[in-house]
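# Residue-level structure breakdown
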Amino acid sequence: MDEFQLLICIKYKKSLCNFVVDGSIHKYIFVTVMSLKDGLKAWAARTVGLYHNLAMTEKDCNLAFYTQTNLTEVEKYPELLVLAINPGSGGPYFSESGKNNGQVDNKIWKEWGIRDGHMDGDTLLKGNAFWWEREKWHLWKRLRIILSHWKEHVSLLDDEHRFVFTNMILFNTSKAKGLPKVAFEKCPQSTIELIKLLQPRRILCLGRKDCFQLLCKHTGVLPTELIPSELSYGRWNNIPVYGIPHTSKRYSYEEMNLIGKCLGYMFEHEGEMFTSDNIQKRFITEIEQWKGRKSNSSLSAKLSVEVSKGITSRLLELGIENYDTKHPERFLLPGDLNLSVAKQGYVAIRHKSYSQQYTNESTYYYQQELITLLEKYQYAPSRVWLGQKYFKKYGYTVQEVIDGIVGEVKELCMEISVLVRPLV
């Protein structure tokens, strides 16, 4: 039997195959190849043994443990593996003295499958008993928003046959720093075995300093920092591996936009070589917007509030009035445009009738012409604004910022009036 015949038998998992060679039928009998589901069951049994023994014998390891998505429903290699450092709910595996607070005694976990006072492989494969609540999790909601900035990938998280979510360490703690040292030493290899079974098309690590670096340490991945503090990259067994800040932390809109667009582009060009230079050049606009937001945060919150309060009277002198008593920061410009002077530290403009994202398919009047006009004044378009500009562009004192905004708005009103004259 040659290699081609062997590959056919492996591909179709035949235990008895017939081949015609030189006009004669030859029968070959060999072992059925282990399926993905069989591999996952074997992995789960080994993993439960590891974690159960650690919880019983190691100091500070009496911690509940579980995976996230339901691995019993995995039928093919996923497009995306989302990986975080460990579950964040906290709680013991065995009930503590005088309490009934252990995972093995919990009613919901018992209904999920735990029997006889310990986790088993079948229950571990089913994932998190509270997985159905994920749409309430900040980390999940933020991950959805990030992926939505590259619209082709927004649906990835809607189909559980396309992705898997799990952790480098399955022990749960309220904070990753609460994990015992032995967990970092003995647990990651089990997850690496899982990844080898799943063979995902790509891996996205939530947490550059813990999850991504831990994976690199145990796999030999050589990391490249594409955008300092925001995006890391490497390859393992030809699988692209991405590291971003954990999505349980607070992100600015600009940060989500930057990371989402970078990930989307890289997902679709995974045959290319990515370097810090080519990624930063391609996304220079998004990087500048993100840096602008970071720099703007250095302006005191008090200054931003004083600007938003003090500018009303100055705009009234130009005949520009507030049109929404519930939102005193909103003013009406020519062409029925909304000018917002936000206490968060920025000026922004969009159509007063705005109700959806600004996209290439939108039909808001003079949309592209207005964006071009605002770009001339260093406003940056976004998903929700024709243009947005931070206070720091005008100065660093209340008076400098107010004077800068008022002078600029006066010029803008004249140009907008000419542009949208048929509508005025």
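Residue numbers here run from 1 along each chain, matching the order of that chain's written sequence. Given that this is a predicted model, residues contribute local features only at a pLDDT of at least 70 and side-chain atom pairs are listed and counted only at 80 or more, while totals for whole chains, interfaces and linings are drawn from all residues. For side-chain calculations, the full set of non-hydrogen atoms in the structure is used, while hydrogens and water are omitted.

### Considerations on the environment of Arg 235
Runs of H or I in DSSP of at least four residues are treated as helices and runs of E of at least two as strands, each being numbered from the N terminus. Tracing the backbone through its elements, the reader meets Arg 235 in strand E7 (residues 231-236). For the pair formed by Arg 235 and Cys 216, sequence separation is 19 residues and the distance between their alpha carbons is 9.4 Å. Note on contacts: a residue pair is in contact if any heavy atoms of the two residues lie within 4.5 Å. For Arg 235, the contacting residues outside a window of four places in its chain are Val 221, Pro 240 and Glu 270. Polar contacts, as counted here, are pairs of nitrogen or oxygen atoms within 3.5 Å of one another; within protein the pair requires one atom able to donate a hydrogen and one able to accept it, and residues that are adjacent in sequence qualify only if both atoms are side-chain atoms. Polar side-chain contacts of Arg 235 include one of 2.8 Å to the side chain of Tyr 233.

### Structural notes on the packing of helix H13 (residues 367-376) against helix H14 (residues 398-419)
With their axes 11 Å apart at the nearest point, H13 and H14 run at an angle of 160° to one another. When the interaxial angle is binned, H13 and H14 end up roughly antiparallel. Seen from above, H13 lies across H14 with right-handed handedness. Here H13 contributes Glu 369, Leu 370, Leu 373, Leu 374 and Lys 376 to the contact with H14, which in turn contributes Leu 412, Glu 415, Ile 416 and Leu 419. Basically, the charged four are Asp, Glu, Lys and Arg, the nonpolar ten are Ala, Val, Leu, Ile, Met, Phe, Trp, Tyr, Cys and Pro, and anything else, Gly included, counts as polar. A class-by-class count of the residues in the contact of H13 with H14 yields 6 nonpolar, no polar and 3 charged. Where helices are involved, their axes are fitted lines through C-alpha atoms of the stretch in contact, as for all axes, and angles between N-to-C directions lie from 0 to 180°. Any angle from 65 to 115 degrees is called roughly perpendicular, while one under 35 is roughly parallel, one over 145 is roughly antiparallel, and all others are oblique. Each helix crossing is assigned a hand: it is left-handed if the near helix lies turned anticlockwise from the far helix by less than a right angle, otherwise right-handed if that turn is clockwise.

### Considerations on the sheet that holds strand E11 (residues 346-351)
The pairing criterion for strands is at least two bridges between them, as found by DSSP. Ordered in space as E9-E10-E11-E12, the 4 strands form an open sheet in which the pairing is antiparallel. The sheet terminates laterally at strand E9 (330-333) and strand E12 (387-390), the two strands that pair on one side only. On average, each strand axis in the sheet is tilted by 20° relative to the strand beside it, whichever way the strands run. Where E11 meets E12, 4 bridges bridge the pair, whose relative direction is antiparallel.

### Side note on the sheet that holds strand E8 (residues 239-244)
Judged by pairing direction, the sheet is mixed, and its 6 strands sit side by side in the order E4-E3-E5-E8-E7-E6 without closing on themselves. A strand with exactly one partner marks an edge of an open sheet, and here the two such strands are strand E4 (163-167) and strand E6 (224-227). In this sheet, neighbouring strand axes are inclined to one another by 25° on average, regardless of whether the strands run parallel or antiparallel. Bridge count for strand E3 (residues 80-84) against E4 is 5 bridges, and the pairing is parallel. By the bridge assignment, Leu 80 is partnered in E4 with Phe 163. On top of the sheet, helix H8 (residues 208-219) reaches E3, strand E5 (203-206), E6, E7 and E8; it is set at about 130° to E5, its chief contact.

### Structural notes on the pairing of E4
A regular strand carries its side chains on alternate faces of the sheet. Among the 5 residues in E4, 5 count as buried, and that is most of the element. Burial along E4 is two-sided: the face carrying Phe 163, Phe 165 and Asn 167 and the face carrying Val 164 and Thr 166 are both buried. Partly exposed residues are those whose accessible area sits between 20% and 50% of the maximum for their type, while under 20% is buried and over 50% is exposed, using a 1.4 Å probe and protein chains only.

### Let's talk about the state of the cysteines
We call a pair of cysteine sulfur atoms a disulfide whenever their separation is within 2.5 Å. Following the criterion strictly, the structure yields 0 disulfides and no others. Not engaged in a disulfide, the cysteine Cys 216 finds its nearest cysteine sulfur in Cys 205; these two sulfurs lie 7.2 Å apart. Judged by relative accessible area, Cys 216 falls into the buried class, the value being 8%.

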